Amino acid sequence: QVQMVESGGGLVQAGGSLRLSCADSGRTFTTYPMGWFRQAPGKEREFVAAISKSGGTTSSADSVKGRFTISRDNAKNTVYLQMNSLKPEDTAVYYCAAGSLNWALPTTPTRVYTWGQGTQVTVSS
């Protein structure tokens, strides 16, 4: 079973960087493809980035391409989201997600098996 805890959110100025971490305290982390989603107030939860079980394949939303990078360290049971060149429109609650085993990558909420509790990211202009 996957039990995930996110960290690394906070307040940053536009143009700054943050790194989010999602640590899994369970014993099956390498079984799951992983992803990051975000949800801004009044908006639907949207895909940000995803990574395969081995880490060899990644995907990211067009809105974050070239700025955000997803990675995972299977030895540490942790997935990361490095966010650079942050913009005010990146402000949202960011959720770590373990993907359903039916899909290679969790690129939509319907492909998610379980969610983390979320961490707030606020980018000031």
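Being a predicted model, the structure only gives us computed values, none of them experimental. (Residues numbered from 1 in each chain as written. Predicted model: local features only at pLDDT ≥ 70, side-chain atom pairs only at ≥ 80, totals over all residues. Heavy atoms only, no water.)

K.L.:
Describe the state of the cysteines, listing the residues and the values that go with them.
P.N.:
Summed over the entire model, instances satisfying the criterion amount to one disulfide. Here Cys22 engages in a disulfide with Cys96; their sulfurs sit 2.1 Å apart. Handedness here is read from the sign of the S-S torsion; for Cys22 and Cys96, about -80 degrees, the answer is left-handed. Pair noted here: Cys22 is in strand S3 (residues 18-24) and Cys96 is in strand S9 (residues 92-99), with a separation of 74 residues, a long-range link. Exposure remark for Cys96: the relative accessible area of 0% places this residue in the buried category. (Disulfide = S-S within 2.5 Å. Helix = DSSP H or I, 4+ residues; strand = E, 2+ residues; numbered from the N terminus. Buried < 20%, exposed > 50% of the residue type's maximum accessible area, 1.4 Å probe, protein only.)

K.L.:
Go over the sheet that holds S3 with me, naming the residues and quoting the values.
P.N.:
As summarised here, the arrangement of the four strands in space is S1-S3-S8-S7, forming an open sheet in which the pairing is antiparallel. At either end of the open sheet lies a strand with only one pairing partner, and these are strand S1 (4-7) and strand S7 (68-73). Averaged over all adjacent pairs, the angle separating strand axes in this sheet is 15 degrees, with direction ignored. Pairing of S3 with strand S8 (residues 78-83) involves six bridges; the strand directions are antiparallel. Looking at the pairing, Ala23 lines up with Thr78 of S8. (Pairing = 2+ DSSP bridges. Axes fitted to C-alpha atoms, helices over the stretch in contact; angles between N-to-C directions.)

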